[in-house]
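Each chain, letter by letter, is given below.
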Amino acid sequence: MSIQWFPGHMNAARKKAAETMENTDLVIEVLDARIPQASCNPMVEQLRSFRQRPCLKILNKSDLADPHATKAWLAFYNAQKGVKAVAMSCKKPADVAKVPGFALEMAPHRGVPTKPLRMMIMGIPNVGKSTLMNALLKKRVANVGDEPAVTKVQQRLYLGKNMILTDTPGMLWPKIQHPTDGLMLAASHAIGVNALIEEEVATFLAELLLQRYPQFLATRYGFSTEGIDAVSVIEAVAKKRAYRLKGGDWDFEKAAHTLLLDYRSGALGRVSLETPTSREHLLATYVPPVLLGQGKSVDTGMMEDALEDEDE
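Note that the coordinates shown come from a computational prediction; the quantities given were computed from them, not determined experimentally.

### With respect to helix α11 (residues 252–265)
Working step 1: The end-to-end C-alpha distance of α11 is 20 Å, a good match for the 20 Å that 14 residues give at a rise of 1.5 Å each.
Working step 2: Here α11 has its buried residues at A255, A256, T258, L259, L260, D262, Y263 and R264.
Working step 3: Considering only its buried residues, α11 is in contact with α7 (179–187), α8 (198–212), α9 (214–221) and α10 (230–241).
Working step 4: The opening residue of α11, the one whose side-chain oxygen lies 3.3 Å from the backbone nitrogen of E253, is D251.
Working step 5: Taken from the residues just after α11, G266 is the one with a positive phi, measuring 90 degrees.

### Overview of the pairing of strand β4 (residues 117–123)
Working step 1: Counted residue by residue, β4 has six buried out of seven residues, so it is predominantly covered.
Working step 2: One ladder, built from five bridges, connects strand β1 (residues 26–32) with β4; its direction is parallel. Bridge pairing in β4 places L26 opposite M119.
Working step 3: For β4 and strand β6 (residues 163–167), the ladder comprises five bridges, and the chain directions are parallel. Pairing of L117 across the sheet is with M163, part of β6.

### Quick word on α9
Working step 1: Every buried residue belonging to α9 is among F216, L217 and Y221, and all of these are buried. Looking straight down α9, one finds its buried side chains confined to an arc of 100 degrees; they lie on one side.
Working step 2: Phi turns positive one or two residues past the end of α9, at G222, with a value near 75 degrees.

### A closer look at the packing of α8 against α9
Working step 1: Direction vectors running N to C along α8 and α9 enclose 110 degrees, while the axes themselves pass 5 Å from each other. Relative to α9, the element α8 is oriented roughly perpendicular. Contacts from L209, L210, Q211 and R212 in α8 reach P214, Q215 and L217 in α9.
Working step 2: Looking at the contact of α8 with α9, its residues break down into four nonpolar, two polar and one charged.

### So, the UniProt feature "binding site: GTP" (unreviewed entry) in the protein chain
Working step 1: As recorded in UniProt, the feature "binding site: GTP" (unreviewed entry) lies at N60, K61, S62, D63, N126, V127, G128, K129, S130, T131 and G170.
Working step 2: Along the chain, the position of N126 falls in the loop between β4 and α6 (129–137).
Working step 3: Mapped onto the elements of the fold, S130 is located in helix α6.

Cut-offs used in this document
Residues numbered from 1 in each chain as written. Predicted model: local features only at pLDDT ≥ 70, side-chain atom pairs only at ≥ 80, totals over all residues. Heavy atoms only, no water. Helix = DSSP H or I, 4+ residues; strand = E, 2+ residues; numbered from the N terminus. Expected span 1.5 Å × (residues − 1). Buried < 20%, exposed > 50% of the residue type's maximum accessible area, 1.4 Å probe, protein only. Contact = heavy atoms within 4.5 Å. Polar contact = N/O pair within 3.5 Å; in protein donor to acceptor, adjacent residues only side chain to side chain. Pairing = 2+ DSSP bridges. Arc of directions from axis to C-beta. Axes fitted to C-alpha atoms, helices over the stretch in contact; angles between N-to-C directions. Parallel < 35°, antiparallel > 145°, perpendicular 65-115°, else oblique. Nonpolar A, V, L, I, M, F, W, Y, C, P; charged D, E, K, R; others polar. UniProt positions renumbered as here; feature names shortened; annotations may be inferred.

Spelled out as C-alpha cells, the structure:
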C-alpha cells in the first residue's frame, strides 16, 4: 500500500514557508524520534539549503523511542554540516528550556535587541511543533491536538526581546517516495485517517515489531511470538482482548487500532521503527517506479515540479 496525503492547505503553507525562509536565521525542525528520517520533510531541507540556513533538529518524543536507535540518529545528524541534533520530549519543560541556548550557539551573530534571532519551527503534522511553541513561550499560543494538521496558518511570536519565533503548519510533501515511509508516518499518526487503512498499517507495524521487538508484544499481550506472522499478531491481540464482531468472528479492525494506539502511546515500550543502518539499506535496495517513455522516476518529477513552484 502506498500512502499519500497532501491536502490543499499544505501547498499554501509550503509557499508561505519559502517566503518566510528569506528572513529566517535558523530553522528548528521537529522530528519524531521513532522515525527521524521518515519524518524529515525533504522540502524543508531544500528550502533551508537554498537559503543556507543552519538547522536545529529536535528529535521529539525521545521518551517513546529506543534509546540505542536515538543515539545512532544523533550521531548521524550531528555529522552533517550546519546541523545540530538533540533528543528530548517537548512535553518536559526542562528539556524545552535548553532550546534557546542551542539556537544561540548556532547563530551567535544574532540574539540581541538590534538583531533578534529569527527562528522558524517546521516539521510534519502531529510531531509536536505546537507543544514546543507553547512550552517555549510558557503559555498556550498554538492549538494542540492528537490529530494531524491542527495548525493551518503561520504565526509570529516573540520569545523575550531577542528572539522571534514563526510557527508553521505541519507539512508533508507531494509524493512520499518510499512506501515504507508512508506506513511509518501513518503508524506514528502523522497522516490523516482518511488517507489510510488502519488494518494494513497495523500489519506493517506488527511485522516490524516481530523483527525487532518481539518481547514487547509478548509482554504487552501475553502470547508467544514464535512462528507467527504479522496477521497472526493482530488476530492474537483480538483474542487476548476478546474483540469479537456480532457474528462471532474476531474483530480484526479493533485489534489493529489497539496495536497502533499502544505503539503511539508508548504502552508497548520504547520502539524505533528505523535506524541509520535500516535507512541505508532502504536507500541501497530501493528501485523507484519509472514514467514510461520519459526516463525519470515519478517521485523525481514531482519534486522538480515542487521546486519550480517555489522559484516562481
